[in-house]
Amino acid sequence: MLIYVKNRVFPLKTFVVSVRPGDRVARVRAQLLHILYELGKDNHQFRLRYNGQIMRDAYPLSEYDVGDSAVVTMIPLGKSKDVLMEIRSVNSSVTSDQSGQGQLGGVKVALEKEVRTFDRREKWLSSLKAVLYVHCIAAILAILTTRWYSAIWLGVFCLLAVLFVPTYSRLGGFVGNTSHIRQIFCLSSGVVTLVCLVLALYFSAWEWISISNNSCTDWMLDGSCSHRNMYTAIFFSLHSMLLVLTSTLSWMLLGNFRVEVGDLIEEYLVQERDVEQVINDARNGKVKEKRIAACDLAALAASCDDNKFLIVAEGGLEVLTTLAMSRDEVTQEHAVEALSEILTIPSIQDTFVESGGVATLMAVLHSPSPRAMQEAAGAIYTIVADSEENKATVAADRGLEDLCHAAQNGTLTCQRTVSCILLELAFNPEVRATMASRRGPVRALVGLSYTSDADTLRFTLQTLELLAIEDADLVCGQGRLLQSLVQLPFNTLDERLYLLASKILLYFAENSVACDQLLRQPGVRDSLMAMVRTHNAVLQKVVVKMVHCMLESPPLRHKAEDVKLDTVLEYVRDHAADHDAWDMADECLHLLTSNPLNDLPTLSTMEKLNKMKAKDGSFGSRSSLGSEGKGGSSSGSSDDVKKGLP
């Protein structure tokens, strides 16, 4: 598949890389290094980013869901002023690197070794083509020998070899329709040339032995010493040397073809290095050395678990904790990335927490670097995911405030991670009580409820539901949250989000003050209608329960009628997903229709009295109430009864 890579350092160039889905990120970086080598910018240091995530060398492309025609961004390493200088150097066609940076020594050595390998491949293929054309001439000349029939197999070999020989250049790579069988070609060519070599040696030896046995004195050119015999011996002797050269080139190319672009560089990028030396550079080196050491430690930690334990054994946790507070943003980013990888081991987590490393990660949440903040959030989530004790440690002191800051100022990925952390913390009863006692976490969650990311929104609503269980009044006092929940069905079609939002809205409906605010929200009827139209039984029952709470108070009932929530109930009754939903909707409709004031016009009290007096003529008398007629009728009936008595 093809991947397109863009970079602001090269604004007029979009690099195209051909990779397989199972390739690692290091393979992509290796191919880009070859492209930069041709541009004279092989010292340009960079990382790759896709969908807001920094891609790590040891991870496969499938880990980041990179598909065909994906657009990946090349992120330069270094401070903004260094990048600006590099942009200027490219735009001014200066090939020297002015940023003061460069590739790691091993990477550059591997790159140069690959370039030499591909240069040899290009030269050897050119030489092989030239030799094959000489074989074609030799096949014609073989007709003049005493072994004229050898021209048949030499001609067939020459014709097939010329047709199927691959074409390659270091800049353009393999081209043509036969490049995919290049290894088969080299293997076949090597075997066939060896067979031809044996025959050529046999023919040559036979002729020379024949000439020697006949004692061609005075070089009399007749019989076995004729011109043709001499020509045959010399021809096959020379052709044998040509076949040796052809076979040698074929076998050399077969080994050369096994090396692909990026093999050596990728091996270096993910290989185990001298951890002790790297940590020593990180501890005592200068700014540039610490930056490179932090990058090395991040790559080592991402490659395998053994490296993680090795880094910890060499005191790497303390070094990385120190580098995480570095003023150099690149160093800080890689240090936190390394910590995030190392802390995936539970036993290392305990050591890190006991040494007070959580406070460092919390401090990084205030970093001006979005990536450092994102990596710190990932490391914190790893800590709180499986340990109840660590949850209390993270929430202690100003931990909740730090998380709220990251929720408000972090990237989309950072916000998603922070929402996961807050959800994990809310599962702990003690931490949940602490969160409910402060307004900061709830406000941060309300801000996250306006996100466009479905995962972040789901984690946020789940956390708010837990906090509503702990303190419903705290959640119901958030007017912005109410607006967000009502507008949610207009922004997404996810039924899971509908259900979470409806459960929280139920808390608003059970609170008289919050319920009044809910009924005043624009589009509340359409929002509830969108929820019940999902035909989800649980969702329908929650919505009907919400409406039932609104009908318990006469003032709220009037507002529910004005909003025409009866249409929601009628829809549920007509399209109920189960019997319980039908019963609840029918009961709510009965409450609405059984209200004796439903048929009265919307008039003031005096207007109603005047209208009734004008209609009956004598308001307040027995006749106006119909009691006289009823009384007369009743009296008449009594007289008849009395007359019938004995």
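Treat the numbers as computed from the prediction; the structure is a model and nothing was measured.

Draft legend 1. Expanded view of the pattern of salt bridges. On inspection of all chains with the given rule, the structure shows 21 salt bridges. For D453, the salt bridge is made with R416, and the minimal N-O distance between the two is 3.1 Å. Within this pair, whereas D453 is found in the loop between α20 (439-448) and α21 (454-470), its partner R416 is found in helix α18 (residues 412-426), the two being separated by 37 residues in sequence. When its relative accessible area of 13% is taken as the criterion, D453 is described as buried. On the basis of relative accessible area, R416 is assigned to the partly exposed category, the value being 25%. Each of R24, R27, D263 and E266 takes part in a single network of salt bridges with overlapping partners.

Draft legend 2. Representation of helix α23 (residues 479-487) in the model. The complete set of buried residues in α23 reads L481, L482, S484, L485 and V486. In this structure, the buried side of α23 is in contact with α20, α21, α22 (472-476), α24 (495-510), α25 (512-520) and α26 (524-532).

Draft legend 3. Broad picture of the pairing of strand β3 (residues 46-50). Most of β3 is tucked away, with four of its five residues classed as buried. Both β3 and strand β5 (residues 70-76) contribute to a ladder of four bridges, which runs antiparallel. Its bridge partner lying in β5, R47 is registered against I75. When β3 meets strand β4 (residues 53-55), the two strands line up antiparallel, connected through three bridges. From the neighbouring strand, L48 faces β4, where its bridge partner is M55. Here β3 folds back onto β4 in antiparallel fashion, the turn holding two residues, of which N51 has a positive phi close to 55°.

About the thresholds
Residues numbered from 1 in each chain as written. Predicted model: local features only at pLDDT ≥ 70, side-chain atom pairs only at ≥ 80, totals over all residues. Heavy atoms only, no water. Salt bridge = Lys/Arg side-chain N within 4 Å of Asp/Glu carboxyl O. Helix = DSSP H or I, 4+ residues; strand = E, 2+ residues; numbered from the N terminus. Buried < 20%, exposed > 50% of the residue type's maximum accessible area, 1.4 Å probe, protein only. Contact = heavy atoms within 4.5 Å. Pairing = 2+ DSSP bridges.

Everything listed is a geometric property; what it means functionally is a separate question.
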